[in-house]
Amino acid sequence: RSHLHAAGHICVLQDAFLYESPTEIAKLTSADKFDAALAIHLYKGGRLLQGSRIPFGIIFGGTDVNEDIKCEEKRRVMGAVLEEARFAVAFTMKMKELAAAEWPEATKKIYVQTQGIQTTPSETFDWYRFLQNADIPTGAGSLHMFLLICGLRRVKDPLYLVDVFSDWHRKDPSVHLGIIGPAVDPLFTSEVKEKVKRAPGVHLLQELPQDDLHAAMKRCFAVVNSSISEGMSAAILEAMDLDIPVLARNIPGNAAIIKHQETGLLFSNPQEFVVLSKSLMNDPAMETEIVTRAKDYVRKHHSWEGERKAYQNLVLRL
């Protein structure tokens, strides 16, 4: 929204989960005389714009192309939406290739635009109170806090590392894993809570405002991603920008932005995660090199200003 406002447009944000059908969105756009629409996620947002009286574009979310495409009904709807859209945005070339393979007639309207990020860590965030509220020891001795930042839903697989991390914590009490993010799937969230209760060293943390989350990231040892699939993780890019090393599951969306042992560490199974984490803890020089190269990469390829200019150009296509 701030990008579009800066370009002189009026932008209204709406949560796709609050609407059931294209009819409701049609009433909204007619009543307020909108000129165009931009939907995030080809299925969740895009399905609401089918038959729209106004031109619209689509931003792939990742789950749409990676997961929803496996469902025949969702795949059919997404194909129809993409046919109507003026353009679509993929964060990576791999994501564009996946979509183009499924809907080849839409290839020319799919543009690759990397995600831009901006970090704004709060200066008043109380790290020690944050740890105390999570029952994480703050006394004498070292603390290696790993943060897994994600919405609590199955595709993010926040339980992937819980067992192995808890075993590691029993041998080394200095290591702790915090899982933090919104409860997107209430049923799965209950499952996560029950699992974490029985896992020493693993904590389900209270969701934070973005500025506080960025401040917490700056104080942690590393940021973790264990997703089954990703479009492009903003949390990974933000950690890179904040000089925090990233350990991420070796999937296409993560490998598109992390070069192993250069801008982060990629693991293929929970046991490898522990091995790589220990190597990072025991080699400060490697940690410094990784975070330095990662920050340079983000500044070059994922700047906030660069993304804003690119989206201004895309909006003109509406």
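What counts as what
- Residues numbered from 1 in each chain as written.
- Predicted model: local features only at pLDDT ≥ 70, side-chain atom pairs only at ≥ 80, totals over all residues.
- Heavy atoms only, no water.
- Core = buried A, V, L, I, M, F, W, Y, C linked by side-chain atoms within 4.5 Å.
- Buried < 20%, exposed > 50% of the residue type's maximum accessible area, 1.4 Å probe, protein only.
- Helix = DSSP H or I, 4+ residues; strand = E, 2+ residues; numbered from the N terminus.
- Domains from an automatic or database assignment.
- Contact = heavy atoms within 4.5 Å.
- Pairing = 2+ DSSP bridges.
- Salt bridge = Lys/Arg side-chain N within 4 Å of Asp/Glu carboxyl O.
- Polar contact = N/O pair within 3.5 Å; in protein donor to acceptor, adjacent residues only side chain to side chain.
- Phe/Tyr/Trp six-rings, centres within 6.5 Å; stacked < 30°, edge-to-face > 60°.
- Lys NZ or Arg CZ within 6 Å of the ring centre and 35° of its normal.
- UniProt positions renumbered as here; feature names shortened; annotations may be inferred.
- Axes fitted to C-alpha atoms, helices over the stretch in contact; angles between N-to-C directions.

S.K.: Pulling in residues and values, what's your account of the nonpolar core?
M.R.: The nonpolar side chains of a soluble globular protein tend to be buried, and buried together. Counting 65 residues, the largest nonpolar core has Ile58, Phe60, Leu147 and Met240 as the members making the most contacts within it. In terms of residues, this core owes the most to one element, helix H10 (residues 234-241), which gives five residues. Two domains each put at least three residues into this core: domain 1 (1-116 + 303-316) and domain 2 (127-301). Ignoring sequence-local partners within four residues, the contact set of Leu147 consists of Gly178, Ile180, Leu205, Ala216, Met217, Cys220, Ala222, Val223 and Val224. One finds Val162, Ile179, Phe188 and Phe267 within the second-largest nonpolar core, a separate group that totals 32 residues.

S.K.: Help me get a handle on the pairing of strand S7 (residues 202-205), residues and values and all.
M.R.: Pairing analysis gives four bridges linking strand S6 (residues 175-180) to S7, with the strands arranged parallel. When the bridges of S7 are listed, Ile180 appears paired with Leu205.

S.K.: Quick rundown of the pattern of salt bridges? Include the residues and the values.
M.R.: According to the stated counting rule, one finds 14 salt bridges in the structure shown. Residues Lys74 and Asp68 are paired through a salt bridge, measuring 3.5 Å at the closest nitrogen-oxygen approach. Overall, the relative accessible area of 9% leaves Asp68 in the buried class. Members of the salt-bridge network, linked through shared partners, are Glu72, Arg75 and Glu102.

S.K.: Can you break down the side chain of Asn225 residue by residue, with the values?
M.R.: By the element assignment, Asn225 lies in strand S8 (residues 222-225). Look at Asn225 and you get buried, because its relative accessible area is 4%. For Asn225, the side chain forms a polar contact with the main-chain nitrogen of Ser227, separated by 3.1 Å. With residues up to four places along the chain from it excluded, the contact list for Asn225 reads Glu230, Ser233, Ile236, Leu247, Ala248, Arg249, Asn254 and Phe267.

S.K.: Could you give me a rundown of the environment of Gln50, with the residues and numbers involved?
M.R.: Structurally, Gln50 can be placed in the loop between strand S1 (37-40) and strand S2 (56-59). On the basis of relative accessible area, Gln50 is assigned to the partly exposed category, the value being 27%. Residues Gln50 and Ala26, 24 residues apart in the sequence, show an inter-C-alpha distance of 9.4 Å.

S.K.: Residues and numbers for the packing of aromatic side chains, please.
M.R.: Counted according to the given criterion, the structure contains 10 aromatic pairs. Between Phe165 and Phe273 the ring centres are 6.2 Å apart and the planes differ by 40°, which places this aromatic pair in the tilted class. Separated by 108 residues along the polypeptide, Phe165 in helix H7 (residues 162-171) and Phe273 in helix H12 (residues 270-281) bring together distant segments of the chain. Neither residue differs from the other here; Phe165 and Phe273 are each classed as buried. On the numbers, 5.3 Å between centres and 70° between planes, the contact of Phe267 with Phe273 is edge-to-face. Each of the two residues, Phe267 as well as Phe273, counts as buried. Chaining the aromatic ring pairs together yields one cluster made of Phe146, Tyr160, Phe165, Trp168, Phe221, Phe267 and Phe273. Of note, Arg47 hangs over the ring of Tyr43, and the distance from its end group to the ring centre comes to 5.7 Å.

S.K.: A description of the side chain of Thr92 should follow, citing residues and the corresponding values.
M.R.: With respect to the helices, strands and loops of the structure, Thr92 is situated in the loop between strand S3 (87-90) and helix H5 (93-102). Residues in contact with Thr92, not counting those within four places in the same chain, are Val112, Gly231, Met232 and Ala256.

S.K.: So what's going on with the UniProt feature "domain: Glycosyl transferase family" (unreviewed entry) in the protein chain? Which residues, and what values?
M.R.: Taking the numbering used here, the UniProt-annotated feature "domain: Glycosyl transferase family" (unreviewed entry) corresponds to residues 151-295. Overall, residues 151-295 shows 47% helix and 14% strand. The separation of its end C-alpha atoms is 24 Å.

S.K.: Lay out the sheet that holds strand S4 (residues 110-112) in plain terms, naming residues and giving numbers.
M.R.: Taken in spatial order, the four strands of this open sheet run S1-S2-S3-S4, and their pairing is parallel. This sheet does not close on itself; its edge strands, each paired only once, are S1 and S4. On average, adjacent strands in this sheet sit at an angle of 25° to one another, irrespective of strand direction. Relative to S3, S2 runs parallel, the two sharing three bridges. When the sheet's bridge partners are listed, Ile58 is paired in S3 with Ala88. The strands touched by H5 within the sheet are S3 and S4, with S4 carrying the most contacts at an inclination of about 165°.

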